[in-house]
Amino acid sequence: MKMKIKDGFILRKVGIQYVVAATGKASENFNGMMRLNESGAFAFRLLQEGIAMDELVRRIVAEYDVSEETARGDVNRFLGALKEADALE
């Protein structure tokens with residue numbers, strides 16, 4: 001099953017950090033910003049296009065040379081934060 005970021009959530013680079021903010025209708029449920037590091041921004045971009053969990057983990061392992069177990073744990077925590085922000089379709 002593919003996961004995708006809802007319309008209205010935007011990613012921007014501010015200095016060396018990345019931030020996600022909600023705009024338009026999305027801002028009715030999420031008033032704030034999420035700060036992301038480079039790997040979080042990488043995952044967010046993939047999620048904007050729509051991606052399955054296993055593929056997302058594979059892409060992170062390949063990009064950042066981390067173990068699958070570490071990547072899966074990090075992805076689960078990240079997806080939890082996105083769900084809390086109501087940012088996932």
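Note that the structure is a prediction, hence the values are computed from the model and not measured. (Residues numbered from 1 in each chain as written. Predicted model: local features only at pLDDT ≥ 70, side-chain atom pairs only at ≥ 80, totals over all residues. Heavy atoms only, no water.)

## Focus on the pairing of strand 3 (residues 17–22)
For strand 3, the buried fraction is high: 5 of the 6 residues fall into the buried class. Both strand 2 (residues 9–14) and strand 3 contribute to a ladder of 6 bridges, which runs antiparallel. When the bridges of strand 3 are listed, Lys-13 appears paired with Tyr-18. Between strand 2 and strand 3, which pair antiparallel in sequence order, lie 2 residues; one of them, Gly-15, sits at a positive phi of approximately 65°. (Buried < 20%, exposed > 50% of the residue type's maximum accessible area, 1.4 Å probe, protein only. Helix = DSSP H or I, 4+ residues; strand = E, 2+ residues; numbered from the N terminus. Pairing = 2+ DSSP bridges.)

## Observations concerning the sheet that holds strand 2
Here 3 strands make up an open sheet; going across it, the order is 2-3-4 and the pairing antiparallel. This sheet does not close on itself; its edge strands, each paired only once, are strand 2 and strand 4 (33–36). Here the strands of the sheet are splayed against their neighbours by 25° on average, with no regard to which way each runs. Sitting on the sheet, helix 1 (residues 38–49) touches strand 2, strand 3 and strand 4, and the angle it makes with strand 2 is about 150°. (Axes fitted to C-alpha atoms, helices over the stretch in contact; angles between N-to-C directions. Contact = heavy atoms within 4.5 Å.)

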